Amino acid sequence: MGDKAIDAKVIKKTQETLGKVITKPPMSEKILSRPTVQYMYDVLISVMRTTGKMKGLFTDTELNFENIKGSKEDKVAFFQKAVDYVSLVTGKPVAVKPSKILAGHEPERTNEFLQVLAEAARKNIDNDDYVRRVLKSDNSRETTSKKESSRSKEKDSSKSGDKGNGDAQEKEHGSDRHRSKDRSKDHSKDRGDRDKRDSEVISVEKEDRKERSEKHKNRDKDRSDKHRDKDRDRDRDREHRDRDRHDKKRQRREVEGQGRKVKGQRRKVKGQRRKVKG
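Residues numbered from 1 in each chain as written. Predicted model: local features only at pLDDT ≥ 70, side-chain atom pairs only at ≥ 80, totals over all residues. Heavy atoms only, no water.

Q: Got a sec to walk through the packing of helix 1 (residues 8–18) against helix 7 (residues 107–122)? Specific residues and values, please.
A: Two measures define how a pair of helices packs: the angle their axes make with one another and the distance between the axes. For the pair helix 1 and helix 7, the least separation of the axes is 9 Å and the interaxial angle reads 20 degrees. When the axis of helix 1 is compared with that of helix 7, the two are roughly parallel. As for how helix 1 packs across helix 7, the hand of that crossing is left-handed. Residue-level inspection shows Val-10, Ile-11, Lys-13, Thr-14, Thr-17 and Leu-18 of helix 1 in contact with helix 7, the latter providing Glu-108, Asn-111, Leu-114, Gln-115, Leu-117, Ala-118 and Arg-122. Residue composition of the contact of helix 1 with helix 7, grouped by class: six nonpolar, four polar and three charged. (Axes fitted to C-alpha atoms, helices over the stretch in contact; angles between N-to-C directions. Helix = DSSP H or I, 4+ residues; strand = E, 2+ residues; numbered from the N terminus. Parallel < 35°, antiparallel > 145°, perpendicular 65-115°, else oblique. Left-handed = near helix turned anticlockwise from the far one by under 90°. Contact = heavy atoms within 4.5 Å. Nonpolar A, V, L, I, M, F, W, Y, C, P; charged D, E, K, R; others polar.)

And the structure:
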């Protein structure tokens, strides 16, 4: 692939896919035909801040380009983590190598990486889980690489017997250990920050749940009070109705009793009259 002219269709596909995820940095044909290191860095940071994908993948040091632009090793480590993350999330192999991105070579493969990046950004995944897996793999690869480098240098030192080379190797080992400690500190700090953020989120969620529970309790209490009021009103109405019926029955009985009394008196008067006539 090398530095030959990139197919315009590849650039258009990048614009159509990645353009749906972020609006900055701009995706002109000129820029995508040979993406610079700074441009690729800005794209990854923009995707992270816009979608939340890759959040926690990079150290605080790496989140400022000024801190890594002077070191090829740091830039390679940054882009390698991004490539590993995208490949793991999408399940697709990514052909571009970080070293080629730094050199500005293979722009077509770089564009293909951006297209797969857009696909990863749109997936509904547990970002923290994928970040942990990538960092674990990255640490394992770094440890293996250091062991192989150490064995190779010890072998060369043994063959040459050159003390000066041995001193240089020891200095290089010390530098590697120093960088490893710095990375370990950054990772520990990042983990601490993530744990703190997770703790704050959990605390907020607990407060929300507690508040919702209180609202439910108050709502249930209001409903219960309303039901009690309704039951009380219903019982009062029923009591009034029963009292009214009872009063009406009593009045009816009294009227009927008076009617019977009047009839009895009438019969008595009639009887007396018959006696007088007889």
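Having seen it, we continue.
Q: Tell me about helix 3 (residues 37–51), residues and numbers included.
A: Along its 15 residues, helix 3 runs 21 Å from first to last C-alpha, staying within 8% of the 21 Å computed at 1.5 Å per residue. For helix 3, the complete set of buried residues consists of Val-37, Tyr-39, Met-40, Tyr-41, Val-43, Leu-44, Ile-45, Ser-46, Val-47 and Met-48. Tucked inside the fold, the buried residues of helix 3 contact helix 1, helix 2 (29–33), helix 4 (65–68), helix 5 (72–90), helix 6 (98–103) and helix 7. Backbone geometry just after helix 3 places Gly-52 at a positive phi near 85 degrees. (Expected span 1.5 Å × (residues − 1). Buried < 20%, exposed > 50% of the residue type's maximum accessible area, 1.4 Å probe, protein only.)

Q: Break down the side chain of Asn-127 for me, with residues and values.
A: As for its position among the elements, Asn-127 is in helix 8 (residues 127–160). In this structure the side chain of Asn-127 is engaged in a polar contact, spanning 2.6 Å, whose partner is the side chain of Tyr-85. Excluding residues that lie within four positions of it along the chain, Asn-127 makes contacts with Gly-52, Lys-53, Met-54, Lys-55 and Tyr-85. (Polar contact = N/O pair within 3.5 Å; in protein donor to acceptor, adjacent residues only side chain to side chain.)

Q: Break down the environment of Ile-22 for me, with residues and values.
A: The residue Ile-22 is located in the loop between helix 1 and helix 2 in this model. Along the primary structure Ile-22 and Thr-51 are separated by 29 residues, whereas in three dimensions their C-alpha atoms are 8.7 Å apart. Setting aside residues up to four positions removed in sequence, Ile-22 forms contacts with Met-27, Val-43, Ser-46, Val-47 and Thr-50.

Q: Mind laying out the environment of Pro-98, listing which residues take part and the relevant values?
A: Inspection of the secondary structure assignment puts Pro-98 in helix 6. Sequence separation of Pro-98 and Ala-82 is 16 residues, and the distance between their C-alpha atoms is 9.4 Å. Dropping the residues within four chain positions of it, Pro-98 is found in contact with Val-76, Phe-79 and Gln-80.

Q: Talk me through the packing of aromatic side chains; I want residue IDs and the actual numbers.
A: All chains considered together, the criterion is met by four aromatic pairs. With a centroid separation of 4.9 Å and an interplanar angle of 50 degrees, the aromatic rings of Tyr-41 and Phe-65 are classed as tilted. With Tyr-41 in helix 3 and Phe-65 in helix 4, the pair connects residues that are 24 residues apart, well separated along the chain. When the centroid spacing of 4.3 Å and the interplanar angle of 25 degrees are considered together, the rings of Phe-58 and Phe-78 count as stacked. You can see Phe-58 sitting in the loop between helix 3 and helix 4 and its partner Phe-78 sitting in helix 5, a full 20 residues away along the chain. You can call Phe-58 buried: its relative accessible area is 3%. The class of Phe-78 is buried, set by a relative accessible area of 0%. Members of the aromatic cluster, joined through ring pairs, are Tyr-41, Phe-58, Phe-65, Phe-78 and Phe-79. The positively charged end of Arg-133 is found above the aromatic ring belonging to Tyr-130, 5.0 Å away from the centroid. (Phe/Tyr/Trp six-rings, centres within 6.5 Å; stacked < 30°, edge-to-face > 60°. Lys NZ or Arg CZ within 6 Å of the ring centre and 35° of its normal.)

Q: Pulling in residues and values, what's your account of the nonpolar core?
A: Core analysis: the biggest nonpolar cluster contains 44 residues, and Leu-18, Met-54, Phe-79, Phe-113 and Leu-117 have the highest contact counts within it. Looking at this core, the elements that each hand over two or more residues are helix 1, helix 3, helix 4, helix 5, helix 6, helix 7 and helix 8. Ranked by the residues each element gives to this core, the list is headed by helix 3, at nine residues. Excluding anything up to four places from it in sequence, Phe-113 contacts Met-40, Leu-44, Ala-82, Val-83, Val-86, Val-94 and Val-96. (Core = buried A, V, L, I, M, F, W, Y, C linked by side-chain atoms within 4.5 Å.)

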